[in-house]
Amino acid sequence: MKYKVINLTRTPDRLVLFKKNNPNFKFERFSAIDGKKIDRKSLVEYNIMTESTNNRYTDGAIGVALSHKTLWEECVKLNEPMTILEDDAYLVPNFNDLVLQYTAKLPSWDFIFWGMNLDQRIVLEMSPGVATAEINYNFENVLTNIQNITKQHITPYFYRCFWGVGLVCYSITPQTAQYLLDNIFPLKDYFDFRDNHGIDNSIIEELQNMNALACFPPVAMTLNDRYNSTVQENNS
């Protein structure tokens, strides 16, 4: 299992902080694609974006989308599952071992959210075959206490996920990586009712078509700091 952390070359401070927060985590750095350096016209020509999404995505959101796309292509080429993280993740101390344990133990899975944006709603099938449940975190508590997760050994449970925002930390199979490459590009326009402008909107639309699981409670968290974000408009 390869563990890839997405990090922009021009933001080495984020990687330093990531290592400080997660000293036990073993990973490979993936040099993020910098959306500031992308020729936007080529994205439409190569069927990666529509005209609408190309006009609406920030440079940062484009870089994030292309970075995940590139890693999915690598996952397919390697023909083995991969765990992908963004460089603002806070992890439980035994994260490497936990991922290996549960990806081998679970009877079947296509995509596992080890964490997601906790300032957005999460919809899980808590009663399999019966009903879903909507989970809303007290995000003020998350902001205050997020460091605590790096000291906790959590026993997670897994539920099918039908809604979750953010790609802070997930595992993906090569078959699912190929499925997403084949089905979500060009990235479509979902801005009519969502305030999150990124590739995760397209993934949300495909969750019902795959066995996407969410780890609960999460073993990875993010502050989702929009002020210092490399995705948002003013900080792309």
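Residues numbered from 1 in each chain as written. Predicted model: local features only at pLDDT ≥ 70, side-chain atom pairs only at ≥ 80, totals over all residues. Heavy atoms only, no water.

A. Representation of the confidence of the model for the protein chain in the model. Across the protein chain, the average pLDDT comes to 91, with 92% of residues at 70 or higher. Counting interchain partners and residues more than four positions distant, the pLDDT-below-50 stretch residues 231-236 has 19 contacts. (pLDDT = per-residue confidence, 0-100. Contact = heavy atoms within 4.5 Å.)

B. Spotlight on the nonpolar core. By size, the foremost hydrophobic cluster in this structure holds 71 residues, and its most contacted members are Trp 72, Leu 91, Phe 95, Phe 111, Trp 114 and Ile 172. Sorting elements by how many residues they give to this core places helix H4 (residues 59-78) first, with seven residues. Each residue touching Trp 72, except ones within four places of it in the same chain, is listed here: Ile 84, Tyr 170, Ile 172, Ala 177, Leu 180, Leu 181, Ile 184, Phe 185, Ile 199 and Ile 203. (Core = buried A, V, L, I, M, F, W, Y, C linked by side-chain atoms within 4.5 Å. Buried < 20%, exposed > 50% of the residue type's maximum accessible area, 1.4 Å probe, protein only. Helix = DSSP H or I, 4+ residues; strand = E, 2+ residues; numbered from the N terminus.)

C. The arrangement of the sheet that holds strand E10 (residues 212-216) in detail. Read from one edge of the open sheet, nine strands run E2-E1-E3-E9-E5-E10-E8-E6-E7, paired in mixed fashion. The sheet is open, and its two edges are formed by strand E2 (28-31) and strand E7 (131-135), each paired on a single side. Strand-to-strand twist of the sheet, defined as the mean angle between neighbouring strand axes without regard to direction, takes the value 35 degrees. Pairing of strand E5 (residues 111-115) with strand E9 (residues 169-172), which is carried by four bridges, proceeds in the antiparallel orientation. Bridge pairing in E9 links Phe 111 to Ile 172. Contacts from helix H1 (residues 12-21) reach strand E1 (2-7), E2 and strand E3 (82-86), with the element oriented near 140 degrees to E1. (Pairing = 2+ DSSP bridges. Axes fitted to C-alpha atoms, helices over the stretch in contact; angles between N-to-C directions.)

D. Geometry of the environment of Thr 50. Checked against the element boundaries, Thr 50 lands in the loop between helix H2 (40-45) and helix H3 (51-56). Taking the relative accessible area as the measure of exposure, Thr 50 reaches 25% and is therefore partly exposed. Separated by 121 residues in sequence, Thr 50 and Ser 171 place their C-alpha atoms 27 Å apart. Excluding its chain neighbours within four sequence positions, the residues that come into contact with Thr 50 are Val 44, Pro 186 and Leu 187. A polar contact of 2.9 Å, which involves the side chain of Thr 50, links it to the side chain of Thr 53. (Polar contact = N/O pair within 3.5 Å; in protein donor to acceptor, adjacent residues only side chain to side chain.)

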